[in-house]
Amino acid sequence: MDLTPKRAADSATEMVQVVLPNDANPLGFILGGTVMHLIDIAGAIACHRHSRTLLVTAAVDDLQFLHSIKVGDLIILKSRVTCVFTTSLEVQVDVFSEETLTGKRQLTSRAFLTFVAIDRDGAKVSVPPLVVESDEERRVCAEAQARRDMRLRRRDMAKG
Ligand SMILES: CC(C)(COP(=O)(O)OP(=O)(O)OC[C@H]1O[C@@H](n2cnc3c(N)ncnc32)[C@H](O)[C@@H]1OP(=O)(O)O)[C@@H](O)C(=O)NCCC(=O)NCCS
C-alpha cells in the first residue's frame, strides 16, 4: 500500500448539478435527504482520492440547512480533507446554491464527515498522512482533532 503523504489540494473535489423537479419537495426546493446523499458522495470522493482504498462512512456531524435551493438552481458541493488520523480521515463539505440566471451564490450547508478505510475483507487499513505545512492547514487539522475527540465521546455514549 502506498502511504506517501498527500496534500488536501490533491483530493479536493467540486461536484455541480442542476436541481431537477425529481429532486424536489412540493414547494419546489431540493429535499434535505437528497442534499445529505450528495454530501456523502462528495465527501467520499475526496477521501477516495486521498486514500485510494475502500471506505465506509463512520460519522456525519450536525447538519444545518441555511437556505433552500430551488428547482433550476445549481447545487455545488466542495469537499476537502481536513485531517487524517490512522485508519480514519475527516472531510469538510461545503454546499452552495447558484442561481443560473444571475450567478448569485450562497453557502447553504457545511458538513464534516468521518470515513474509515477498509480492505476487501472489511479490515481497517492505514490512510496516507496529510501534508500539513501552512498555519492555515495546521489550524484546520487542529479543529478537526477537537471535533474527532467530541465525536468519539458521543459514539461511546451512543454505545451505552
Ligand atoms: C466505522 C467502523 C468501521 C468503525 O469500526 P470500529 O471497529 O468501531 O473501529 P475503531 O473503534 O477501531 O475505529 C477505527 C477508526 O475509526 C474512527 N472512528 C470510528 N467510529 C468513529 C466515529 N463515530 N466518529 C469518528 N471516528 C470514528 C476511530 O477513531 C478510528 O480512527 P483511527 O484509526 O484513525 O484512529 C464500524 O463501526 C462500521 O463499519 N460502521 C458501519 C459503517 C457503515 O455501514 N456506514 C454506512 C455505509 S458506508
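Residues numbered from 1 in each chain as written. Predicted model: local features only at pLDDT ≥ 70, side-chain atom pairs only at ≥ 80, totals over all residues. Heavy atoms only, no water.

A. Structural detail: the overall build of the protein. A count of helical and extended segments in the protein gives three helices and five strands. Of the regular secondary structure in the protein, the N- to C-terminal order runs α-β-α-β-β-β-β-α. For the protein, whose C-alpha radius of gyration is 17 Å, the value lies close to the compact-globule estimate of 15 Å for 160 residues. In terms of overall dimensions, the protein has a C-alpha envelope of 45 × 40 × 30 Å along the principal axes. Each of the 160 residues in the protein was classed as buried or not, and the buried ones make up 41%. When the accessible surface of the protein is summed, it comes to about 9100 Å², and 54% of that surface belongs to carbon and sulfur atoms. (Helix = DSSP H or I, 4+ residues; strand = E, 2+ residues; numbered from the N terminus. Rg over C-alpha atoms; globule rule 2.2 N^0.38 Å. Buried < 20%, exposed > 50% of the residue type's maximum accessible area, 1.4 Å probe, protein only. Areas by Shrake-Rupley, 256 points an atom, 1.4 Å probe, with all protein chains shown as cover.)

B. Focus on the pairing of strand S4 (residues 88–98). Burial of S4 is extensive: eleven of the eleven residues sit out of reach of the surface. Where strand S3 (residues 74–84) lies against S4, ten bridges are found, and the strand directions are antiparallel. Each bridged residue has a counterpart across the sheet, and for Lys78 the counterpart in S4 is Asp94. Adjacent in sequence and paired antiparallel, S3 and S4 are bridged by three residues. Strand direction decides the pairing type here: S4 and strand S5 (residues 105–118), joined by eleven bridges, are antiparallel. Paired with Gln92 across the bridge in S5 is Phe112. Once S4 ends, the chain turns through six residues before running back antiparallel as S5, passing Gly103 with a positive phi of about 80 degrees. (Pairing = 2+ DSSP bridges.)

C. Representation of the site of the ligand in the model. Around the ligand lies a shell of 15 residues, among which Thr57, Thr86, Thr87, Ser88 and Lys124 are the nearest. Contact between the ligand and Thr87: an oxygen atom at 2.6 Å from a side-chain N or O atom of the residue. One of the side-chain nitrogen or oxygen atoms of Arg148 is found 3.3 Å away from an oxygen atom of the ligand. Protein burial of the ligand: of its 930 Å² of free accessible surface, 59% is covered by the chains. Listed by contribution, the elements that provide at least two residues to the shell around the ligand are strand S2 (54–60), S5 and helix H3 (135–159). Residues belonging to the shell around the ligand are distributed by class as follows: six nonpolar, five polar and four charged. (Near = heavy atom within 4 Å. Polar contact = N/O pair within 3.5 Å; in protein donor to acceptor, adjacent residues only side chain to side chain. Nonpolar A, V, L, I, M, F, W, Y, C, P; charged D, E, K, R; others polar.)

D. A look at the state of the cysteines. Applying the stated rule across the entire model yields one disulfide. Here Cys47 stays unpaired: no disulfide links it, and the sulfur of Cys83, its closest cysteine neighbor, is 12 Å away. (Disulfide = S-S within 2.5 Å.)

What is shown is where atoms sit, not what they do.
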